[in-house]
Structure formats: structure tokens, C-alpha cells
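Working through the structure, step by step
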Amino acid sequence: MADQQRPETPDEQGEPTSEEPIKQRKNGLYPGVSDELAENMRTGWADTELRDLEPVPQAGRTAERRAKLSARFPGERLVIPAGNLKTRSNDTEYPFRSSVEYAYLTGNQTEDGVLVMEPTAGGHEAVLYLLPRSNRENGEFWLDGQGELWVGRRHSLTEAERLYGLPCRDVRTVADVLREARGDVRVVRGHDAGVEAALADKTTAERDEELRVFLSEMRLVKDDFEVGELQKAVDSTVRGFEDVVRVLDKAEATSERYIEGTFFLRARVEGNDVGYGSICAAGPHATTLHWVRNDGPVRSGDLLLLDAGVETHTLYTADVTRTLPISGRFTDLQRKIYDAVYDAQEAGIAAVQPGAKYLDFHHAAQRVLAERLVEWGLVEGPVERVLELGLQRRWTLHGTGHMLGMDVHDCAVARRETYAEGTLEPGMCLTVEPGLYFQLDDLTVPEEYRGIGVRIEDDILVTEDGNRNLSAALPRRSDEVEAWMARLRG
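Remember, it's a predicted structure, so these values are computed and weren't measured experimentally.

Check the secondary structure of the protein chain and you find 17 helices and 17 strands. In terms of principal-axis extent, the alpha carbons of the protein chain reach across some 80 × 55 × 40 Å. For the protein chain, with 490 residues in total, the buried portion stands at 51%. Partitioning the contacts of the protein chain with sequence separation of at least 6, the portion at a separation of at least 24 is 68%. Total accessible area computed for the protein chain in this model is approximately 22500 Å², and 49% of it derives from carbon and sulfur atoms. Of note, the protein chain has its 59 positive side-chain charges centred 2 Å away from the centre of its 87 negative side-chain charges.

Below, the structure is given as C-alpha cells:
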């Protein structure tokens, strides 16, 4: 990685001051910048302003969302930050991923951005504060670590106005604007410490949480654009699973990381990233729910539990799990356990209907799993007793699903009465993902069960007349899985 120099110390407005010396790395290779070089770097650059930009596809939708937000909090200033870069180590940063609330309301994903909704007599005026093009006069564009010659071109504020349909201003002025704000203010916390500091004497945790909860509940029902993005995410995820099956022999020669890398390639080629850390759990690692170390062996005869999802460029993610026989064929015991989970998932999916209670799909799937555990003699019945006491949870462990969207566990801070205890509506999207997990050290089950973990997960859209499985292109039934794997492996 190249060794960039640092510009002058910024003043209060964020502009480097000419009086301050250029800050150098302690072990930088250049002692400074000559006047001649500085003058040379100021000139000779072509005009690159983009004048034919079209609005981002979701611009109309984001305007509707802001209007809904405005109606909920009349007369109050609302502040929604994108967030800042986070240091990975020393002077390197993690790839930036905008806060969901900010991207949902603007369509923009750049670091340091802030959406401010100023109250007006008729609602709100939304203003987007962004970092403008790098300054070429003071050398910022080539001396600063985040200058455009180091990290790439930014949109000008004029370009951003065309893209997002909002007035755009320099984000280096936003702290002063917020400090001078009068009246009621709410901010989405946890993303930008500088913004929160500017509002420290104007906000309360309780009021800010109300804003955060409302924005979470706004996302419970997806519009047509969002459903389309979720389908894109799922379709890319299906191709990523196919990629993995084709290279299982290479994974056997290396480790679970070959599987992780293979899926990640598809996510980066067709989307923004993976929507969460891929779980590439072979053998007994499949009994660890969030196994993301992905450093274990991949052995023929074992199962591979692959839980992964592609995130689109608009930040919508899939979340799909398949449990695959690495050899291409289930053993009798593996098939028995897999088929039980499949039957549970079938019952859960069938319960996803408009007007149904959200928890219905969970209860339906858990009942099937409890029935099988009693049938196999692993827990004493009757089934009603098992469910009442939750005894099946020793081997089922987790809930049967969750909302899905711009977060893999979307709408997580919605009120319980509108989410877990709520009613399903058309446009809601959730996962259905029952599982059975028999730990290696579980002495309550026969030895041959130990180390087997099975989960099957699909992304289900609630429709007007039932549901649609967005990930139906991936086979689920055990015999179909085997035929699919055989076909892909040639």
C-alpha cells in the first residue's frame, strides 16, 4: 500500500490552513512539498464535472419515506448520519458500509454524510450534507489520506443533487448548523460521534430511541423496489451456492476458507459484499450456529452447512442456508435428520400467510421438530409437554426465522408488538430456518448423532394470497439436493 503524506492541519471548518506545516508520516519518504511542486499540482487538470446524471433508481421511494417520517415528527429537526470510516489498524480502515437508516432515506452510501430534515410550516426540508470534491488549491486532493488521488473521485455537490433529488451542502459545516439549532431535535445515535457531540445539549436518549424505532418499523413492509432488490440478492446467492458445489473437491484439499472465498467472489462480482459473515461449517462445526472462523477441514462423508447471502449494491441482503453432503450423498442417519428439518421447514413456510400471527411459522416448525425428537426417543413426550417446557431447544437452539432487508436481521429495534407479536402483512420478508444440532459432547444422544448439524433456510415474501419463496431455485428436498449436486459436479 502506498505511503501517502498528510495535508496541513484543518481549521474549524475543515479547510486546511496554509499557515500550518504539512504533517508528514513519522517515517515518510519525502521531507516536504516544494513551492514549485505545489504550484504544478494546482493546474493542468481537465473539467470532469458529470452533467448527464440520472437520479438513483430509488430516488422516488426515498422521497416517499422521508415524507412519512416528516408526518410522524412534525416540527422537529431530524438528523440521520451515514457514519464514519472505522480504523482497522493504524492508518487502514474497514470498507465503509453506510448506516441503514441513512441509506434507506437517501439512497446515498458515502461516509460522513448527514441527512438533516429541517422543520417547516408544511413539513420538513430535507438537506443532504456531503463531503464535496477534494480541494485542488490547497493540495488536499493529493496530500490527504482521503484525497481523491488516493481513494477515488467523489461526486460534486451539484452531481449529488441530481442523483438523490435533495439540496446538498458541505458536510464540514454541519456541526455548526446543528450547534445553532433551536427547538426539538432527534438524532439516530451510534453512527457519528461528532454529530452527536454537536447536539449533546439538545437531544435525549428516550426521544432519539423513538426515532430509531420508528425507522425500524417503517422497514417492516417492503415496497416493490425493495422486493426486487431482495430477489436480486437471492438470485446471486443461488449462483454463489452453485459455485461452492462445483469446487468442493478443492475445499477438501484445503479448508472451509476455500468455500468462504468462493462465495465471496460471487458476492463481490455481482453485489456490494456479503450481507454478513459467511458460515461455512463442515462436519461438527455445523453445530456451532455462527461458525465464521471457517478454518476447519472439509471431509467427504461429513455435512457442509453453508449459511451465506449476497448483499446488493443498494444494501439489501439475502440469507440462505443449505446443508449439503460433501460426498454428494447423505448417509441414512444424515438423511433422517435432514428430512426432519425439511418437514419442519415445510410446516413453517406453509404458516407464512397474510393475517397470520408472526410467531405461527415458528410454532409450526418447532412442533414438527419436537415430534421427531420424541419419536427418536431423545426426549420424553408427550409433544405438548416438550413444547410447553421448551425441551426441544437443547437441539433446536434458535428461533425459526427473522425479518430480512437492508440488515440481515432487519427491523431489529421495532417494538415487540409490531414484530414478534405482530401480524404478517403483504410485503413483509422473513427467513424460515429450522435446524437440529447435536453437539460432539452431548451424552444425551446416541454417539452416531453427535457432531451432526442441519439447517435449511429460505427467504419468504408474504404476498396478498400466501407467500413466495424467493430462494426456491435452490433445491431443498434431500433427493433433489443430491441430484442437483451431481449435476453441478458433472
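The next subject is the environment of His398. Along the chain, His398 turns up in the loop between helix H16 (393-396) and strand S13 (429-432). Along the chain, His398 and Leu289 lie 109 residues apart, while their C-alpha atoms are 8.4 Å from each other. Setting aside its immediate chain neighbours within four residues, His398 contacts Leu289, Gln366, Glu433, Pro434, Gly435, Tyr437 and Arg455. A distance of 2.6 Å separates a polar atom in the side chain of His398 from a polar atom in the side chain of Tyr437.

Moving on, we come to a nonpolar patch on the surface. Taken together, Trp45, Leu149, Trp150 and Val151 make up a surface patch of nonpolar side chains, about 390 Å² in accessible area. Along the chain, Val151 turns up in helix H5 (residues 148-151). For Val151, a relative accessible area of 48% puts it in the partly exposed group.

Residues Gly381 and Pro382 are joined by a peptide bond in cis, for which omega reads 5°. Residue placement: Pro382 occurs in the loop between helix H14 (360-375) and helix H15 (383-389). In the Ramachandran plot, Leu315 falls in the positive-phi region, its phi being about 80° despite a non-glycine side chain. Mapping Leu315 onto the fold places it in the loop between strand S11 (310-311) and strand S12 (320-325). Given the relative accessible area of 1%, Leu315 is considered buried. Even without being a glycine, Cys411 presents a positive backbone phi close to 60°. With respect to the helices, strands and loops of the structure, Cys411 is situated in the loop between H16 and S13.

The next point concerns the sheet that holds strand S10 (residues 303-308). One open sheet holds the three strands; their spatial order is S9-S10-S12, and the pairing between them is antiparallel. Where the open sheet ends on each side, the last strands, each with one partner, are strand S9 (279-282) and S12. Strand-to-strand twist in this sheet, taken as the mean axis angle between neighbours without regard to direction, amounts to 10°. When S10 meets S12, the two strands line up antiparallel, connected through six bridges. Bridged to Leu304 within S12 is Leu324.

Spatially, the three strands line up as an open sheet ordered S13-S16-S17, and their pairing is antiparallel. What marks the edges here is a single partner per strand, and that holds for S13 and strand S17 (466-469). On average, each strand axis in the sheet is tilted by 40° relative to the strand beside it, whichever way the strands run. In the packing of helix H13 (residues 332-350) onto the sheet, the strands contacted are S13, strand S16 (458-463) and S17, and the crossing angle to S13 comes to about 160°.

Glancing now at the UniProt feature "domain: Aminopeptidase P N-terminal" (unreviewed entry) in the protein chain. UniProt feature "domain: Aminopeptidase P N-terminal" (unreviewed entry): in the numbering of this structure it lies at residues 57-196. Along residues 57-196 the backbone is 34% helical and 22% strand, and the end-to-end C-alpha distance reaches 31 Å.

Note that Asp208 resides in helix H9 (residues 205-218). Excluding anything up to four places from it in sequence, Asp208 contacts Val185, Arg186, Val187, Arg189 and Thr203.

Definitions and cut-offs
- Residues numbered from 1 in each chain as written.
- Predicted model: local features only at pLDDT ≥ 70, side-chain atom pairs only at ≥ 80, totals over all residues.
- Heavy atoms only, no water.
- Helix = DSSP H or I, 4+ residues; strand = E, 2+ residues; numbered from the N terminus.
- Buried < 20%, exposed > 50% of the residue type's maximum accessible area, 1.4 Å probe, protein only.
- Contact = heavy atoms within 4.5 Å.
- Areas by Shrake-Rupley, 256 points an atom, 1.4 Å probe, with all protein chains shown as cover.
- Lys, Arg positive; Asp, Glu negative; His and termini not counted.
- Charge placed at Lys NZ, Arg CZ, Asp CG, Glu CD.
- Polar contact = N/O pair within 3.5 Å; in protein donor to acceptor, adjacent residues only side chain to side chain.
- Patch = residues over 30% accessible without salt bridge, like charges linked within 9 Å, V, L, I, M, F, W, Y side chains within 5 Å.
- Salt bridge = Lys/Arg side-chain N within 4 Å of Asp/Glu carboxyl O.
- Pairing = 2+ DSSP bridges.
- Axes fitted to C-alpha atoms, helices over the stretch in contact; angles between N-to-C directions.
- UniProt positions renumbered as here; feature names shortened; annotations may be inferred.

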